[in-house]
Amino acid sequence: MTTQTASTRNGRTNSRVLSELKTALSEKSLDIGLKSAVQILKRISENYNWLGIYLVRDENLVLAAYTGEGETEHVQIPIGQGICGLAAKQAETIIVPDVNKDPRYLLCFPSTRSEIVVPIRVATRVLGEIDIDSDRLSAFTKQDQTILEQAATILGEYLEAQHFSPGSSRSQM
Ligand code: SME
């Protein structure tokens, strides 16, 4: 009989996901690397219904890869607008437990109830972000934030190694 706690199990799952992510990103072109990354990150939780990676291009966020049932109409979001644009501007993770109660939220999918947006930073520069929608209210916890911020660090190192440049941009903070 095992005495393993939930947090130990989560810790092990998290390190497996992060190591899978590192492996997937090694020796891959940006396009293929980001497509693999969204698949791996979506497997973290069954609460993640749609997961996308946006990259900063000048004054906008541009959708680079996604996984989930629907296409979003928001393939380009000005920095500062919506939850995505705000997280990029503030260079900080934003969790919205109930999107219907947040006037900043830009609607993508009518089924979405909560959202998390995690900036991908290198030092103080924002290069992009991970955006996740859930059909459950309050789906995102501190544990989600922790692993996604660790994944964002790995993605930032990857983008830097790929010589990704966000352009002119206010991501230079
Ligand atoms: N809801 C986001 C827009 C992106 S979609 O969720 C894919 C926002 O408020 O910025």
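Preceding block: the structure.
J.: Summarise the overall build of the chain; cite the residues concerned and give the values.
T.: When helices and strands are counted, the chain shows four helices and six strands. The secondary structure elements of the chain, listed N-terminal to C-terminal, are α-α-β-β-β-α-β-β-β-α. Dimensions of the chain, computed from C-alpha atoms along their principal axes, come out at roughly 55 × 40 × 30 Å. Sorting the 173 residues of the chain into buried and exposed places 48% on the buried side. Partitioning the contacts of the chain with sequence separation of at least 6, the portion at a separation of at least 24 is 54%. Of the roughly 9,000 Å² of accessible surface on the chain, 48% is carried by carbon and sulfur atoms. Separation between the mean location of the 18 positive side-chain charges and that of the 21 negative ones in the chain comes to 5 Å.

J.: Break down the pattern of salt bridges for me, citing the residues and quoting the values.
T.: As enumerated under the stated definition, the model contains four salt bridges in all. Where R43 meets E20, a salt bridge forms, and the shortest distance between an N and an O atom there is 2.7 Å. Residue R43 is located in the loop between α2 (30–42) and β1 (50–57), and its partner E20 is located in helix α1 (residues 6–25); the two are separated by 23 residues in the primary sequence. Under the relative-accessibility criterion, R43 is labelled exposed at 54%. Among the ionic pairs, K101 bridges to D98, the shortest N-O distance being 3.8 Å. A residue is classified by how much of its surface remains accessible, and K101, at 70% relative accessible area, is exposed.

J.: How would you explain the packing of aromatic side chains if you had to name every residue and give the values?
T.: Under the counting rule described, the total for this entry stands at three aromatic pairs. Ring centres of Y48 and F140 lie 5.7 Å apart, and the angle between their planes is 35°; this geometry places the pair in the tilted category. Within this pair, whereas Y48 is found in the loop between α2 and β1, its partner F140 is found in the loop between β6 (125–134) and α4 (142–161), the two being separated by 92 residues in sequence. Both residues of the pair, Y48 and F140, belong to the buried class. Here W50 and Y66 contribute two aromatic rings whose centre-to-centre distance is 5.8 Å and whose plane-to-plane angle is 20°, an arrangement assigned as stacked. Placement of the pair is W50 in strand β1 and Y66 in strand β2 (residues 60–68), with a sequence separation of 16 residues. Residue classification places Y66 among the partly exposed residues on the basis of a relative accessible area of 31%. The rings of W50, Y66 and F109 are connected pair by pair, giving a single aromatic cluster.

J.: Tell me about unusual backbone geometry, and please be specific about residues and values.
T.: Here S138, not a glycine, exhibits a phi torsion of approximately 50°, which is positive. Here S138 lies in the loop between β6 and α4. The backbone phi angle of H163 is positive, close to 60°, even though this residue is not glycine. Mapped onto the elements, H163 comes out in the segment after α4. On the accessibility criterion, H163 (71% relative accessible area) is exposed.

About the thresholds
Residues numbered from 1 in each chain as written. Predicted model: local features only at pLDDT ≥ 70, side-chain atom pairs only at ≥ 80, totals over all residues. Heavy atoms only, no water. Helix = DSSP H or I, 4+ residues; strand = E, 2+ residues; numbered from the N terminus. Buried < 20%, exposed > 50% of the residue type's maximum accessible area, 1.4 Å probe, protein only. Contact = heavy atoms within 4.5 Å. Areas by Shrake-Rupley, 256 points an atom, 1.4 Å probe, with all protein chains shown as cover. Lys, Arg positive; Asp, Glu negative; His and termini not counted. Charge placed at Lys NZ, Arg CZ, Asp CG, Glu CD. Salt bridge = Lys/Arg side-chain N within 4 Å of Asp/Glu carboxyl O. Phe/Tyr/Trp six-rings, centres within 6.5 Å; stacked < 30°, edge-to-face > 60°.

Everything listed is a geometric property; what it means functionally is a separate question.
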